[in-house]
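# Understanding the architecture of this molecule
The residues making up each chain are set out below.
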Amino acid sequence: MTDYELDAVDREILYALQEEARNLSSSEIAERTEASSSTVRKRIQRLESEGVIKGYSANIDYTKSGYPIRMLLFCTAPIPERGDYIDDILDIPGVVSVQELVTGEQNLLVTAVVKTDRDITPIAQEISDMGLTITDEVLVRSHQSTSFDEFSSR
């Protein structure tokens, strides 16, 4: 992928999509960006093809959907191989994300959601069976996120 230079219209489109991608039409985004609807549609297609927009997903409240436990598993992998483990870890049922960390001994952060505390053990076992060391487990009480405000001109 080449580096894609975002302009003000691109940033405003990204901000709008972060806030409410499902409920905004290209016309509504066009009003925010002072661009035409067709320009917005073309820009979104280009942002997708350049890999800036990697996909669209629902923001799930796991607790309300029956999975009240969110665990962070800090893992250590051999540095040259840490990225090689990501897809296999994501294939473990219950794992919802993996972050590759570049500083410190802990270099992979795995997030898992489960129904009971007993359900975390099989996930941890699969990770250990891959040859990774789990150095810390953290139970998350709540998780909130927001849109990246650097994309907005407001």
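Residues numbered from 1 in each chain as written. Predicted model: local features only at pLDDT ≥ 70, side-chain atom pairs only at ≥ 80, totals over all residues. Heavy atoms only, no water.

Consecutive residues of a regular strand have side chains that alternate between opposite faces of the sheet. With 8 of its 8 residues buried, strand β1 (residues 69–76) lies for the most part within the structure. As paired elements, β1 and strand β3 (residues 108–114) share 7 bridges and run antiparallel to each other. Bridge pairing links L73 to V110 in β3. The pairing of β1 with strand β4 (residues 133–140) spans 7 bridges and is classified as antiparallel. Bridged to L72 within β4 is V138. (Buried < 20%, exposed > 50% of the residue type's maximum accessible area, 1.4 Å probe, protein only. Helix = DSSP H or I, 4+ residues; strand = E, 2+ residues; numbered from the N terminus. Pairing = 2+ DSSP bridges.)

Within the element layout of this structure, Y62 appears in the loop between α3 (37–49) and β1. Using a relative accessible area of 24% as the deciding quantity, one classes Y62 as partly exposed. Along the primary structure Y62 and I44 are separated by 18 residues, whereas in three dimensions their C-alpha atoms are 29 Å apart. Filtering out sequence-adjacent residues up to four positions away, Y62 remains in contact with Y67, P68, R70, V96 and V113. (Contact = heavy atoms within 4.5 Å.)

Turning our attention to the pattern of salt bridges. Counted according to the given criterion, the structure contains 5 salt bridges. Close ionic contact of R32 with E19 constitutes a salt bridge, the shortest N to O distance being 2.9 Å. Here R32, found in helix α2 (residues 26–33), pairs with E19, found in helix α1 (residues 8–20); they are 13 residues apart in sequence, far enough to count as distant. Given the relative accessible area of 24%, R32 is considered partly exposed. Of the charged contacts in the structure, one is a salt bridge between R32 and E20, with a shortest N-O distance of 3.6 Å. Of this pair, R32 sits in helix α2 while E20 sits in helix α1, and the two are 12 residues apart along the sequence. Through salt bridges with shared partners, one network takes in D7, D10 and R43. (Salt bridge = Lys/Arg side-chain N within 4 Å of Asp/Glu carboxyl O.)

Next up on the list: the domain arrangement of the chain. When its domains are assigned, the chain resolves into domain 1 (8–50) and domain 2 (62–140). Computed over C-alpha atoms only, the centres of domain 1 and domain 2 are separated by 34 Å. (Domains from an automatic or database assignment.)

Residues of α2 that are buried include every one of S26, I29, A30 and T33, and no others. One side of α2 carries all its buried residues, which in axial view fall inside an arc of 105°. Next to the buried residues of α2 lie α1 and α3. With its phi angle positive at about 60°, E34 sits one or two positions after the end of α2. (Arc of directions from axis to C-beta.)

Here we come to unusual backbone geometry. For E34, which is not glycine, the phi torsion reads 60° and is therefore positive. Following the sequence through the fold, E34 ends up in the loop between α2 and α3. A relative accessible area of 76% places E34 in the exposed class.

What the rule picks out here adds up to 1 aromatic pair. Ring geometry for F148 and F151: centres 5.1 Å apart, planes at 85°, overall edge-to-face. (Phe/Tyr/Trp six-rings, centres within 6.5 Å; stacked < 30°, edge-to-face > 60°.)

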